[in-house]
Amino acid sequence: MVKQKIVLRFPPHLVEQPTIYHLIKDFDLMVNILRADINPKKEGRLMMELSGEELNYQRAVEWLKEQGLRIMGLEQQIIWRSDRCTHCGACTVICPTEALAFNRPEMTVSFDEYKCVVCELCLKACPARAMETLVENANSR
Amino acid sequence: MRKGLSDPGQVLTKSPRPIFLMTNSVLDDIMFAINNGGGLQLKVNRSIEEINEKIKTGKAVVFTAEEIIEVVKEKGTEEAAATVDVVTTGTFGPMCSSGVFLNVGHPSPRIKLEEVYLNGVPAYSGIAAVDLYLGATALPPEDPANRNYPGDFIYGGGHVIEDLVSGKEIRMEASAYGTDCYPLKKIDTSFRLSEINEATLFNPRNAYQNYNVAVNLGPKTIYTYMGVLKLNMGNANYSSAGQLSPLFNDPLLKTIGIGTRIFLGGGIGYVTWHGTQHNPSAKRADNDTPVSPAATLALIGDLKQMEPRWLRGLSFLGYGATMQVGMGVPIPILNEEIMRYCSVSDEDLKAPVVDYHRGYPYKEGGELALVSYADLKSGSINIKGQKIPTASLSSYAGAREIAATLKEWIETGHFSLTAPSAPLPSLEAGIKLNALPQRDPEQKEVK
């Protein structure tokens, strides 16, 4: 069994293809969509957790690449700049998944990439702007 | 504190006893102090001079306001007062009423600066020719502000100050009407902090003694200077270091006064005055600490010896730009009364919960509840049976580090204490906060 959180980037011409259907039907994968940002004729993003047999997962990844989709690990999407973080904690009540957590009694902020679902709420809730994203369109929303 | 820069704080001189001008209010202060201490038999009586002598010889006993809690619990107030010389405090929170006076020097020909932008952020020039004041919340005129609600406020005065302290080049675009003595009408140049004459951080209001805990009783998310507040009390944001906060450890301002030398922005600064909106008359608990925002301090210091780490530009979504200021005050343990004040812990300090949907902006209703800083720091509070997650805007980790740094400076003889040259207004001043009169300008005032 394999369980992976990934981000799929769809080029505009693939946005209207039933990609998820094929992942389930042809590769017998379980799909848990965490967040989707899909618009007609524009580049789309899909954050999801895939789980299933190792071999099926590998074949599915190959197939997705052949279709022209870009696959990235979810944990690389949001970056916590610990040098900019002042450890106030303002982000920790905004983060819906406790990826950003407040540690007691140290009274410091920590970031668990694996719990992050790339909702991006922290990007602007952080007054010191210590949270950054690699996703180019995030700031132009 | 940057190495190689001298400051009066590093020169240990025998500080003279404070010379009080015998004005009525100061006389009242002294009478107040005598009357208050009169009934009390104080066994410990230590002077600032004695403390400074011990600092000079590396023998001063110093604890942070967090460490001292256990010490007093263990030894009792009297024994702790007999052994401890100084308690250090700290706070690192957003402080909007902050800014810097600059003298950028004259170009050739000379200029009387009129409209000035530093990295696009306007600075106030209504003082002498090349003197400026740059405020932490100033915004570039082209910032869309809340026209694009909630606005990002990505770069403002606080960010320029952070860049200045970081040693970055600051672009200055300025215009002037031109005079016989100051003929230049336009300049577009850049400078670094080291290249200008003066950069004096002057913060009219810092170090609030206690602050509101903000919640949102409304039906949608709001964006405030207390951070993002989710609907229906989805979160409660507070902003004080609590037990480490300077003015919580000297609630009646018995040691902190005009001229008190402090940690400011990573360097050395001084208390110049009481801060704006100073309200020592606020309601107090039995331990003399206020249960709502009360006293404030005006602070000054040379920006050139400060560090960007402790002066951080902030962007509050939907509110504006500001600056996070790191400051800390040493409290001389003159007697067991001061020791008792310094031993307060988060359990003993209470903050008011205020609604920022209607309560604060429209001055509707009072506080919803009083909660302790111990509860706030635990991660959740209970209001009307609802468990509400809490978050701080002030960095407690930063406050801890400031108090520890100040402790180290004192222990190693790099920082000596000052006796105030005059006290700050406290309870006896009877200060009442005013609201702005809203008169009809067309209507002549009837006397």
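These numbers were taken from a predicted model, which means no experiment stands behind them. (Residues numbered from 1 in each chain as written. Chains lettered and ligands numbered in written order. Predicted model: local features only at pLDDT ≥ 70, side-chain atom pairs only at ≥ 80, totals over all residues. Heavy atoms only, no water.)

Student: Any chance you could explain the environment of Asp28(A) here in plain terms?
Tutor: Residues and elements named next belong to chain A. The residue Asp28 is located in the loop between α1 (19-25) and β2 (30-37) in this model. The exposed category is assigned to Asp28, whose relative accessible area is 58%. Between the alpha carbons of Asp28 and Ala60 there is a distance of 9.3 Å; along the sequence they are 32 residues apart. (Helix = DSSP H or I, 4+ residues; strand = E, 2+ residues; numbered from the N terminus. Buried < 20%, exposed > 50% of the residue type's maximum accessible area, 1.4 Å probe, protein only.)

Student: Sorry, what's going on with the packing of aromatic side chains here?
Tutor: Centre distance and the angle of the planes are the two values used to describe a pair of aromatic rings. A full pass over the atoms with the stated rule returns 17 aromatic pairs over all chains. Plain terms: the ring middles of Tyr211(B) and Tyr225(B) are 6.3 Å apart, the flat faces sit at 75° to each other, and that makes the pair edge-to-face. Taken together, the residues Tyr211(B) in the loop between β10 (198-206) and β11 (213-215) and Tyr225(B) in the loop between β12 (222-224) and β13 (227-229) connect sequence positions 14 residues apart. The exposure classification of Tyr211(B) matches that of Tyr225(B), with both residues buried. Considering the side-chain rings of Tyr356(B) and Tyr360(B), the 4.5 Å spacing of their centres and the 10° angle between planes classify their relative orientation as stacked. Judged by relative accessible area, which is 5%, Tyr356(B) ranks as buried. On the accessibility criterion, Tyr360(B) (38% relative accessible area) is partly exposed. Joined through ring pairs, the aromatic side chains of Tyr208(B), Tyr211(B), Tyr225(B), Phe316(B), Tyr319(B), Tyr356(B) and Tyr360(B) make up one cluster. The ring of Tyr114(A) is capped by Lys5(A), whose NZ or CZ atom sits 4.7 Å from the centre of that ring. (Phe/Tyr/Trp six-rings, centres within 6.5 Å; stacked < 30°, edge-to-face > 60°. Lys NZ or Arg CZ within 6 Å of the ring centre and 35° of its normal.)

Student: Quick question: what am I supposed to make of the pattern of salt bridges here?
Tutor: When their charged atoms lie close together, side chains carrying opposite charge are able to pair. All names here are of chain B. Using the criterion set out here, one finds 25 salt bridges over all chains in the structure. The salt bridge involving Arg171 is made with Glu173; its shortest N-O contact spans 3.6 Å. For Arg171, a relative accessible area of 40% translates into the label partly exposed. (Salt bridge = Lys/Arg side-chain N within 4 Å of Asp/Glu carboxyl O.)

Student: For this particular structure, what's the right way to read empty space enclosed by the protein?
Tutor: Where empty space is left in the structure can be found by rolling a water-sized probe over the atoms. Residue and element names in this part refer to chain A. For the coordinates displayed, the defined rule picks out 6 cavities of 30 Å³ or more. Estimates place the volume of the largest cavity at around 110 Å³. As for the largest cavity, its lining consists of 14 residues, and the residues nearest its centre are Cys85, Thr86, Cys88, Cys91 and Cys126. For the lining of the largest cavity, the per-class residue count stands at 11 nonpolar, 3 polar and no charged. Surrounding the second largest cavity, 14 residues form its lining, Cys95, Pro96, Cys116, Cys119 and Cys122 being those nearest its centre. Looking at the lining of the second largest cavity residue by residue, the classes come out as 12 nonpolar, 1 polar and 1 charged. (1 Å grid on protein atoms, 1.4 Å probe; cavity = no way out; pocket = protein on both sides within 12 Å on 5 of 7 lines; lining within 4 Å. Points joined across faces, edges and corners; volume = space filled by probe spheres on them. Nonpolar A, V, L, I, M, F, W, Y, C, P; charged D, E, K, R; others polar.)

Student: Any chance you could explain the sheet that holds strand β1 (residues 62-64) of chain B here in plain terms?
Tutor: Sheet strands associate in pairs through backbone hydrogen bonding, adopting either a parallel or an antiparallel arrangement. All names here are of chain B. Here we have 3 strands laid out as an open sheet, ordered β1-β2-β21, and mixed in their pairing. Unpaired on one side and paired on the other, β1 and β21 (330-332) mark the two borders of the sheet. The mean inter-strand angle of the sheet, taken between neighbouring strand axes irrespective of direction, is 25°. Examined bridge by bridge, strand β2 (residues 86-88) and β21 share 3 bridges and lie antiparallel to one another. Counterpart to Thr88 in the pairing with β21 is Pro330. Here helix α3 (residues 67-75) sits on the sheet in contact with β1 and β2, set at roughly 115° to β1. Here helix α8 (residues 396-411) sits on the sheet and contacts β1, β2 and β21; the angle it forms with β1, its principal contact strand, is near 175°. (Pairing = 2+ DSSP bridges. Axes fitted to C-alpha atoms, helices over the stretch in contact; angles between N-to-C directions. Contact = heavy atoms within 4.5 Å.)

Student: I tried to follow the state of the cysteines on my own but got confused; where do I start?
Tutor: In a disulfide, the sulfur atoms of two cysteines are held together by a covalent bond. Residues and elements named next belong to chain A. Summed over the entire model, instances satisfying the criterion amount to 0 disulfides over all chains. With no disulfide partner, Cys85 has as its closest neighbouring cysteine sulfur the one in Cys91, 6.4 Å distant. With no disulfide of its own, Cys116 lies closest to Cys122 among cysteine sulfurs, the gap being 6.4 Å. (Disulfide = S-S within 2.5 Å.)

Student: Explain the environment of Leu64(A) here, please?
Tutor: Residues and elements named next belong to chain A. Along the chain, Leu64 turns up in helix α2 (residues 54-66). Considered as a pair, Leu64 and Leu8 are 56 residues apart in the sequence and their alpha carbons are 8.8 Å apart. In this view, Leu64 contacts Leu8, Thr19, Leu23, Leu69 and Ile71; residues no more than four positions away in its chain are not counted.

Student: Any chance you could explain the domain arrangement of chain A here in plain terms?
Tutor: Often, the extent of an interface is quoted as the loss of accessible area upon association of its parts. Residues and elements named next belong to chain A. Domain parsing of chain A yields domain 1 (2-75) and domain 2 (78-140). Taking the mean C-alpha position of each, domain 1 and domain 2 sit 25 Å from one another. Interface of domain 1 and domain 2: buried area, both sides summed, is about 1000 Å²; carbon and sulfur atoms make up 42% of it. Of all residues in domain 1, Lys5, Arg45 and Glu75 give up the largest surface area on contact with domain 2, accounting jointly for 46% of the area buried on that side. The shortest N-O distance in the salt bridge between Arg45 and Glu120 comes to 3.3 Å. (Domains from an automatic or database assignment. Buried area = accessible area lost by both parts, 1.4 Å probe.)

Student: Would you take a moment to explain the interface of chain A and chain B for this structure?
Tutor: The interface of chain A with chain B comprises 21 residues on the first partner and 28 residues on the second. Roughly 1800 Å² of surface becomes buried between chain A and chain B when both sides are summed, with 52% attributable to carbon and sulfur atoms. Looking at the side of chain A facing chain B, the largest losses of area belong to Val93(A), Met107(A) and Pro127(A), adding up to 30% of the total buried there. The tally of links from chain A across to chain B stands at 3 salt bridges. Asp152(B) is paired through a salt bridge with Arg129(A); the nearest N and O atoms lie 3.9 Å apart. At the boundary of chain A and chain B, one finds 13 residue pairs in polar contact (both at pLDDT 80 or more). (Polar contact = N/O pair within 3.5 Å; in protein donor to acceptor, adjacent residues only side chain to side chain.)

Student: Before we go on, may I ask you to explain the pairing of β2(A) in this structure?
Tutor: Where a strand is regular, its side chains alternate between the two sheet faces. Bridging between β2(A) and strand β3 (residues 44-52) of chain A involves 7 bridges; their strand directions are antiparallel. By the bridge assignment for β3(A), Ala36(A) is matched with Leu46(A).

Student: I'm lost on the sheet that holds β3(A) in this one. Help?
Tutor: Residue and element names in this part refer to chain A. Spatially, 4 strands are ordered β2-β3-β1-β4 in an open sheet, and the strand pairing comes out antiparallel. Strands with a single pairing partner mark the edges of an open sheet, and in this sheet they are β2 and β4 (70-73). Each adjacent strand pair in this sheet contributes to an overall mean axis angle of 30°, direction not counted. Two elements, strand β1 (residues 2-10) and β3, share 9 bridges in a ladder whose sense is antiparallel. Across the sheet, Leu8 pairs through a bridge with Leu46, a residue of β3.

Student: What exactly am I supposed to notice about the nonpolar core here?
Tutor: Across soluble globular proteins, you tend to see nonpolar side chains buried next to one another. Core analysis: the largest hydrophobic core is formed by 120 residues, its most contacted members being Leu118(B) and Leu303(B). The element contributing the most residues to this core is α8(B), with 7 residues. Beyond its immediate sequence surroundings of up to four residues, Leu118(B) is in contact with Leu102(B), Ala123(B), Leu132(B), Leu134(B), Val160(B), Ile170(B), Arg171(B), Met172(B) and Phe191(B). With 18 residues, the next largest nonpolar core counts Leu8(A), Val15(A), Leu23(A) and Met48(A) among its residues. (Core = buried A, V, L, I, M, F, W, Y, C linked by side-chain atoms within 4.5 Å.)

Student: Whenever I open this one, the side chain of Ser51(A) confuses me. Can you help?
Tutor: Residue and element names in this part refer to chain A. Within the secondary structure layout, Ser51 lies in strand β3. Judged by its relative accessible area of 9%, Ser51 is buried. Apart from residues lying up to four places away in sequence, Ser51 is in contact with Val2, Lys3, Leu29 and Met30.

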